[in-house]
Amino acid sequence: MKGFTIKITQNKVDARSFMTKDYDSSFVDNDTYGFLLEGVLLNREKLLKQYALKDFSTLIGELYRKRGELMTKELEGEIRGFIWDKMNSKVFVFTNPTNTQNVFYATFNDTIYV
């Protein structure tokens, strides 16, 4: 099984990753945020060089700190994922601009499932 699930109910977020080491998929989870990216990120090395960073989790933290959820506009490739801002209780789910990486969601009994 690949991918992720998110269940949001009564302002509580349960995010789970079912990631394999395929492609550029990664999951960063700390006290401040959770970030999941699934797929092929075409500009990973370019972004690391541009921000003078060596590891992807630090890059994600820096991009989110500077741009918030707009950081996803800097990511190029066949990707999908989410940002869970734990400090502000916000979840932002994204897919690539051409929407070739599907993300499905539904609401049922005051609970959101992604």
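Notes on the structure follow. Source: prediction; values computed, not measured.

## Observations regarding the sheet that holds strand β8 (residues 111-113)
- An order of β2-β1-β8-β7 is seen for the 4 strands of this open sheet, with the pairing classed as antiparallel. A single partner strand is all that each edge strand has here, and the edge strands are β2 (12-17) and β7 (106-108). The sheet shows a mean angle of 15° between the axes of neighbouring strands, direction not considered.
- As judged from the 6 bridges shared by strand β1 (residues 4-9) and β2, these two strands associate in the antiparallel manner. Of the residues in β2, the one forming a bridge with T5 is R16.

## Considering the packing of aromatic side chains
- Applying the stated rule across the entire model yields 4 aromatic pairs.
- When the ring of Y33 is compared with that of Y64, the centres are 6.4 Å apart and the planes differ by 35°; the resulting orientation is tilted. Of this pair, Y33 sits in strand β4 (residues 33-41) while Y64 is found in helix α2 (residues 56-67), placing the two residues 31 residues apart along the sequence. The same class applies to Y33 as to Y64, namely buried.
- Joined through ring pairs, the aromatic side chains of F4, F27 and F82 make up one cluster.
- The cationic tip of R44 hangs over the ring face of F56; the distance from NZ or CZ to the ring centre is 4.1 Å.
- Above the ring of W84, the side-chain terminus of K86 is found at 4.7 Å from the ring centroid.

Analysis parameters
- Residues numbered from 1 in each chain as written.
- Predicted model: local features only at pLDDT ≥ 70, side-chain atom pairs only at ≥ 80, totals over all residues.
- Heavy atoms only, no water.
- Pairing = 2+ DSSP bridges.
- Helix = DSSP H or I, 4+ residues; strand = E, 2+ residues; numbered from the N terminus.
- Axes fitted to C-alpha atoms, helices over the stretch in contact; angles between N-to-C directions.
- Phe/Tyr/Trp six-rings, centres within 6.5 Å; stacked < 30°, edge-to-face > 60°.
- Buried < 20%, exposed > 50% of the residue type's maximum accessible area, 1.4 Å probe, protein only.
- Lys NZ or Arg CZ within 6 Å of the ring centre and 35° of its normal.

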